[in-house]
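Letter by letter, the chains look like this.
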Amino acid sequence: MLFPNTNSWRAGMQDASAAIDETMGELVSVTPYVGTPVPNFPVVPDPSRAVTVTAVFTNKAKSVIMGENNGRIASGHSISPIVSTSEPVFSFGYGVLPFPLMQGYRIMRLCNRALYEVRDAKPDGVSRIEVNVLQLGLAKEEF
């Protein structure tokens, strides 16, 4: 039996998600915002609703095509430079957060105070929520 201490596949996946958090997880602070987001204006974080939870942080490798290059090869095709970069992603277990993640929420890694803004959050189809983020920099010290 794949998951001997559980009655169902879903319960087994929750056990697997807990093992992922235990093995690869780190503490992060998630801060929602106040009000309704408006295009071209930054959201205002609401520190009174911030929570500290365990999440898994990864930097997925990614290749980006950097526009058109005027250089031509013998067959007449254009050459576009490809740049290797990384894309920061957080992963949360279902039910870890007391609110759904929305675009504009802030996530701070407590190990180095790196600050990120949520771009998109969606279920991974099994037992976790994958969150694509944009790195904003390091959080300012509060005195």
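Our subject is the structure listed above.
Residues numbered from 1 in each chain as written. Predicted model: local features only at pLDDT ≥ 70, side-chain atom pairs only at ≥ 80, totals over all residues. Heavy atoms only, no water.

(A) Spotlight on the nonpolar core. The biggest cluster of nonpolar side chains holds 20 residues, and the ones touching the most others in it are Val28, Val30, Phe90, Phe92, Leu101, Ile107 and Val131. The dominant element in this core, judged by the number of residues it contributes, is strand 4 (residues 51-65), at four residues. The contacts of Phe90, once residues within four sequence positions are left out, are Val28, Ala55, Val56, Phe57, Ile107, Arg109, Tyr116, Ile129, Glu130, Val131 and Val133. (Core = buried A, V, L, I, M, F, W, Y, C linked by side-chain atoms within 4.5 Å. Buried < 20%, exposed > 50% of the residue type's maximum accessible area, 1.4 Å probe, protein only. Helix = DSSP H or I, 4+ residues; strand = E, 2+ residues; numbered from the N terminus. Contact = heavy atoms within 4.5 Å.)

(B) Seen up close, the packing of aromatic side chains. This model, assessed by the stated rule, comprises six aromatic pairs. With centroids separated by 5.3 Å and ring planes inclined at 75°, the aromatic side chains of Phe90 and Tyr116 adopt a geometry described as edge-to-face. Of this pair, Phe90 sits in strand 5 (residues 82-93) while Tyr116 sits in strand 7 (residues 114-123), and the two are 26 residues apart along the sequence. For Phe90, a relative accessible area of 0% corresponds to the buried category. (Phe/Tyr/Trp six-rings, centres within 6.5 Å; stacked < 30°, edge-to-face > 60°.)

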